[in-house]
Amino acid sequence: MSSAIVHPARALAYLARQDAGPPPADAEERDGWREELKAGHDAYRAGRAFAVGVDRIDTIRRAIESGRYDARDCRDLKEALDAVVHGCMSYWRATPYGLVWIDNES
């Protein structure tokens, strides 16, 4: 595992900012853009993002430790990751602050 620093709050804020795109030049449109940015950030924090880690295995480990993912039926983290990938229930987005595991259902 890498020694990269993981910062979940910054990672989620980064994704929300990427999703919202650049702020509009028109001052009147910025309020709507800010609302969209906040709604996206709130959705990630409310559970759309399972966990943030250095890599996929570390992210799975963090999700298990936080209680966000139940891997009792898996022998190890690799098997847990394989189950997640096989279930097509998520996708992964890289940020400068860590890899984010995102729920497809949210």
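Draft legend 1. Just helix H1 (residues 8-20), in detail. Over its 13 residues, H1 runs 18 Å from end to end, which matches the ideal 18 Å to within 8%, given 1.5 Å per residue. Taken together, the buried positions of H1 are occupied by Ala11, Leu12, Leu15, Ala16 and Ala20. Mapping the buried residues of H1 onto a view down its axis gives an arc of 170°, with all of them on the same face. Considering only its buried residues, H1 is in contact with helix H2 (27-48), strand E1 (49-53), strand E2 (90-95) and strand E3 (98-103). Count one or two residues on from H1 and you reach Gly21, which has phi positive near 80°.

Draft legend 2. Local environment of the environment of Gly53. Structurally, Gly53 is set in strand E1. With relative accessibility at 0%, the residue Gly53 sits in the buried group. For Gly53 and Ala25, which are 28 residues apart along the polypeptide, the C-alpha to C-alpha distance reads 34 Å. For Gly53, the residues in contact, after removing those within four places along its chain, are Val6, Asp58, Thr59, Arg62, Gly98 and Leu99.

Draft legend 3. Spatial organisation of the nonpolar core. Counting 13 residues, the largest nonpolar core has Ile60, Tyr69, Ala80, Val84, Trp92 and Trp101 as the members making the most contacts within it. Among the elements that make up this core, the one with the highest residue count is helix H4 (residues 77-87) (three residues). Apart from residues no more than four positions distant in its own chain, Val84 is found in contact with Ile60, Tyr69, Met89, Ser90, Trp92 and Trp101.

Draft legend 4. Expanded view of the packing of aromatic side chains. Under the definition given, this model contains four aromatic pairs. Plain terms: the ring middles of Tyr14 and Tyr97 are 6.2 Å apart, the flat faces sit at 70° to each other, and that makes the pair edge-to-face. With Tyr14 in helix H1 and Tyr97 in the loop between E2 and E3, this pair connects stretches of sequence that are 83 residues apart. A ring pair is formed by Phe50 and Trp101, whose centres lie 4.4 Å apart and whose planes are at 15°; its orientation type is stacked. Placement of Phe50 in strand E1 and of Trp101 in strand E3 is noted, with a sequence separation of 51 residues between them. For the pair Phe50 and Trp101, one class covers both residues: buried. Taken together, Phe50, Tyr69, Trp92 and Trp101 form an aromatic cluster joined through their ring pairs. For the cation-ring pair, Arg68 lies above Phe50, with the distance from its terminal atom to the ring centre recorded as 4.6 Å.

Draft legend 5. Broad picture of the confidence of the model for the protein. For the protein, mean pLDDT is 89; residues scoring 70 or higher make up 94% of the total. No element of the protein has a lower mean pLDDT than H4, which averages 85, and none a higher one than H1, which averages 96.

Draft legend 6. Here's a closer look at the pattern of salt bridges. Applying the stated rule across the entire model yields 10 salt bridges. In this structure, the salt-bridge partner of Asp42 is Arg45, at a minimum N-O distance of 3.0 Å. With Asp42 and Arg45 both in helix H2 and three residues apart, the pair spans about one turn of that helix. Since its relative accessible area comes to 26%, Asp42 is described here as partly exposed. In this structure, the salt-bridge partner of Arg72 is Asp70, at a minimum N-O distance of 2.5 Å. Each member of the salt-bridge network shares a partner with another, and the members are Asp58, Arg61, Arg62 and Glu65.

Conventions and cut-offs
Residues numbered from 1 in each chain as written. Predicted model: local features only at pLDDT ≥ 70, side-chain atom pairs only at ≥ 80, totals over all residues. Heavy atoms only, no water. Helix = DSSP H or I, 4+ residues; strand = E, 2+ residues; numbered from the N terminus. Expected span 1.5 Å × (residues − 1). Buried < 20%, exposed > 50% of the residue type's maximum accessible area, 1.4 Å probe, protein only. Arc of directions from axis to C-beta. Contact = heavy atoms within 4.5 Å. Core = buried A, V, L, I, M, F, W, Y, C linked by side-chain atoms within 4.5 Å. Phe/Tyr/Trp six-rings, centres within 6.5 Å; stacked < 30°, edge-to-face > 60°. Lys NZ or Arg CZ within 6 Å of the ring centre and 35° of its normal. pLDDT = per-residue confidence, 0-100. Salt bridge = Lys/Arg side-chain N within 4 Å of Asp/Glu carboxyl O.

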